[in-house]
Amino acid sequence: MTDITSKHLHHACLLGATQVVSQRHILNKINVFPVRDGDTGNNLASMMRTILRESETKSTVKGTFESISDAALRGARGNSGIIFAQYLNGLTMELSDGAILGIDAYASASQKAVSYAYDAIESPVEGTMITVMKTWGNALIESVSKYSDIVQILSDAYTQAEESLKQTQFQLACLKKAGVVDSGAKGFVFFIKGILDYFSQGMPDQLPLAEVDSDEDGMTVEVHEYEEAITYRYCTEGFLVGENLNLAEIRQSLGDVGDSAVVAGSRTKCRVHIHTDIPAEVFRRLSKFGHITFQKADDMVKQQSIVTNRRHDIGIITDSIADLPQSYIDEHQVHQIHLNVVLNGVDYIDKLTVSPETVLDYGEANSELATSSQPSPKQVENTISYLSEYYDKMIILTVSSALSGTYNSIVQGLEAFNNDALTATVIDTKENSGAQGLLVKRAVELVESGMPYEQIIASLNRLIPHSKILVRVKQLNNMVKSGRLSTRAGDIGRFIGLKPIITLDKDGEGALAGAAFSDRGSLKKMIALVRKAMRQGEIDTYAIVHIDNLEEAQEFAEVFTHIIGKPPAYVCNTSSIIANGAGRGAVALSYIMKV
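First, a word on scope: everything that follows refers to the structure included in this document. Bear in mind the structure is a predicted one, so any value in this text is a computation, not a measurement.

### Some thoughts on the sheet that holds strand β7 (residues 314-319)
In spatial order, the strands read β8-β7-β12-β13; together these four strands make up an open sheet with parallel pairing. The open sheet has two free edges, formed respectively by β8 (335-337) and β13 (423-428), since each of these has just one partner strand. The average angle at which neighbouring strand axes cross in this sheet is 25 degrees, direction not considered. Pairing of β7 with strand β12 (residues 393-398), which is carried by five bridges, proceeds in the parallel orientation. What sits directly across from Ile-317, in β12, is Ile-396.

### What to know about the packing of helix α3 (residues 40-54) against helix α4 (residues 61-75)
Packing of α3 against α4 leaves a shortest axis separation of 8 Å and a crossing angle of 140 degrees. Taken as axis vectors, α3 and α4 run oblique relative to one another. α3 and α4 meet at a crossing whose hand is right-handed. Each of Asn-43, Ser-46, Met-47, Thr-50, Ile-51 and Glu-54 in α3 lies in contact with α4, whose residues at this interface are Ser-67, Ile-68, Ala-71, Ala-72, Arg-74 and Gly-75. The residue makeup of the contact of α3 with α4, split by class, is five nonpolar, five polar and two charged.

### Some details on α3
Taking 1.5 Å per residue as the helical rise, α3 with its 15 residues ought to reach 21 Å, and the 21 Å between its terminal C-alpha atoms agrees with that figure. Taken together, the buried positions of α3 are occupied by Thr-40, Gly-41, Asn-42, Asn-43, Leu-44, Ala-45, Ser-46, Met-47, Met-48, Thr-50 and Ile-51.

### Brief notes about the environment of Thr-425
Among the secondary structure elements, Thr-425 is positioned in strand β13. Residue classification places Thr-425 among the partly exposed positions, given a relative accessible area of 22%. Considered as a pair, Thr-425 and Ile-457 are 32 residues apart in the sequence and their alpha carbons are 7.9 Å apart. Within polar-contact distance, the side chain of Thr-425 engages the side chain of Tyr-453 at 2.8 Å.

### Description of the pattern of salt bridges
Under the counting rule described, the total for this entry stands at 34 salt bridges. For Glu-56, the salt bridge is made with Lys-58, and the minimal N-O distance between the two is 2.9 Å. Assessed through its relative accessible area of 37%, Lys-58 is described here as partly exposed. Between Lys-146 and Glu-142 there is a salt bridge whose closest N-O contact spans 3.7 Å. With relative accessibility at 45%, the residue Lys-146 sits in the partly exposed group. One connected set of salt bridges, linked through shared partners, spans Lys-441, Arg-442, Glu-445, Glu-538, Asp-540 and Lys-594.

### Quick word on the packing of aromatic side chains
Under the counting rule described, the total for this entry stands at seven aromatic pairs. Relative to Phe-188, the ring of Tyr-87 has its centre 5.5 Å away and its plane inclined at 90 degrees; by these criteria the two rings are edge-to-face. Note that Tyr-87 is positioned in helix α5 (residues 78-94) and Phe-188 in helix α10 (residues 183-201), a separation of 101 residues in sequence. Both residues of the pair, Tyr-87 and Phe-188, count as buried. Measuring from centroid to centroid gives 5.1 Å for Tyr-198 and Phe-199, while their planes differ by 80 degrees, and the two rings are edge-to-face. Comparing Tyr-198 with Phe-199 shows no difference in burial state: the two are buried. Put simply, the rings of Phe-84, Tyr-87, Phe-188 and Phe-191 touch in pairs and so form one group of aromatic residues.

### Some words on empty space enclosed by the protein
One pass over the full model with this rule turns up three cavities of 30 Å³ or more. Roughly 130 Å³ of internal volume is contained in the largest cavity. What lines the largest cavity is a set of 18 residues, and nearest its centre among them are Pro-34, Asp-39, Thr-40, Asn-43 and Asn-79. At the level of secondary structure, the elements contributing two or more residues to the lining of the largest cavity comprise α3, α5 and β5 (269-276).

Conventions we followed
- Residues numbered from 1 in each chain as written.
- Predicted model: local features only at pLDDT ≥ 70, side-chain atom pairs only at ≥ 80, totals over all residues.
- Heavy atoms only, no water.
- Pairing = 2+ DSSP bridges.
- Helix = DSSP H or I, 4+ residues; strand = E, 2+ residues; numbered from the N terminus.
- Axes fitted to C-alpha atoms, helices over the stretch in contact; angles between N-to-C directions.
- Parallel < 35°, antiparallel > 145°, perpendicular 65-115°, else oblique.
- Left-handed = near helix turned anticlockwise from the far one by under 90°.
- Contact = heavy atoms within 4.5 Å.
- Nonpolar A, V, L, I, M, F, W, Y, C, P; charged D, E, K, R; others polar.
- Expected span 1.5 Å × (residues − 1).
- Buried < 20%, exposed > 50% of the residue type's maximum accessible area, 1.4 Å probe, protein only.
- Polar contact = N/O pair within 3.5 Å; in protein donor to acceptor, adjacent residues only side chain to side chain.
- Salt bridge = Lys/Arg side-chain N within 4 Å of Asp/Glu carboxyl O.
- Phe/Tyr/Trp six-rings, centres within 6.5 Å; stacked < 30°, edge-to-face > 60°.
- 1 Å grid on protein atoms, 1.4 Å probe; cavity = no way out; pocket = protein on both sides within 12 Å on 5 of 7 lines; lining within 4 Å.
- Points joined across faces, edges and corners; volume = space filled by probe spheres on them.

Structure below.
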């Protein structure tokens, strides 16, 4: 056999993709470079699953591979995934448009495709995936000169690629310390192993998509204890669509905001990857080049912390509506599923790629407010899939289901794990913002106390009816634009200086707790509401959050410390979505009664 048809090529790549998916766990375990965040397997599996779902056999080999590389670019995640996708894109660019592909042409295209991968990377590092890709391409050329049979050519080149993979452990200091090969490079070798298996054994009746915890030899891998300081916190990615995109110019525009930049794609679409501390600035710059259709910002500090120093056996997860200080989230390993904020038709990630100030400025400059949307079930599935590597049990506390579809999205996302050994409970807090944050904090305290899982769930459900949020709204513009107040009511309210106090009722619906006609009057009204609650029982804990109004939030803290007899658990800013609804200057007090 010397020629490859479109069907052969497609099926070989499908089998290669299943090899990577089936070894997701092992790739996560050995993920050390560039950051030990334990997600290379998930990232590569995401790309491969997209290839499996969306690629098609076309009439020409080039058309087939274009279908594969397009799917790869859409599904690519992480540094390794995007480099891999650009390598596949390079293969597509170097193939001729015919019905048959000769093995010599495949070898030549494989060798040339490596330069596309190198060009996509800001600072290529040897001893990684690109090194093994280069070995594979060169070995194919060498093998073609010695053999004529496809299986013999692929087998010889694969042996050289395996040896190149083994050497990665000694090419990078971090890999040598950890005692592992490069995770991305091993993923590439799994892929070409699938291609070899196809041509030597044929296509199986059913693709083996089972995910196992051992490598292809059935051997588990031990990773030596190793941790390296993270330079930039967020692994940030975006998908950009436009006309005449200049990939080099896009990469250069991000040169001063992070490292590990990879820009892959074509003149009409590209995927961008960078490690940065300021994801919002990255997307502000990218928006100048084209339309952003996808955003991601993974917290590598959090990922590394659970890989190397997981604090407890039960994972605590919430959505981004819950307001807690970032320092608390970091220290206690609270995980967040982020909602989306839509500005000018672009979905931004709440608390990551858009700030409350940006959302407030947008609302003040336009007749309509920004909008928000709950996370998709697929987004939830991806998050839970990653966390399931480290937790057998999870508790997920969501914003009130009466206010958002987030609860339902998370329930739907968990359906993918019905047959897995995963225990996850989703709790509708019937609260938002600071009140939701306090319930999350209590969940952490119960976990850290060693309380059994079922008792924690029962305790949290008992606390929900005894939690409360009181929001002092400072201006009515956002309430009018959101439709919560009619334009006429808003005009009257502004004229008389109305300062409403908003709460959530027992069902988690918005409700009016009171109103005053001045800032000082609204504070007095909130004091009266708190004193009324204290006559019915003791306030166990409380928190204060604000929308671009730290000065008055601190004043609230002083006032209520005197009234309640203890300081707030925390004072912090709110999410962009809360800011969008309540408007600039709002301050909220949330509390949980002692039960």
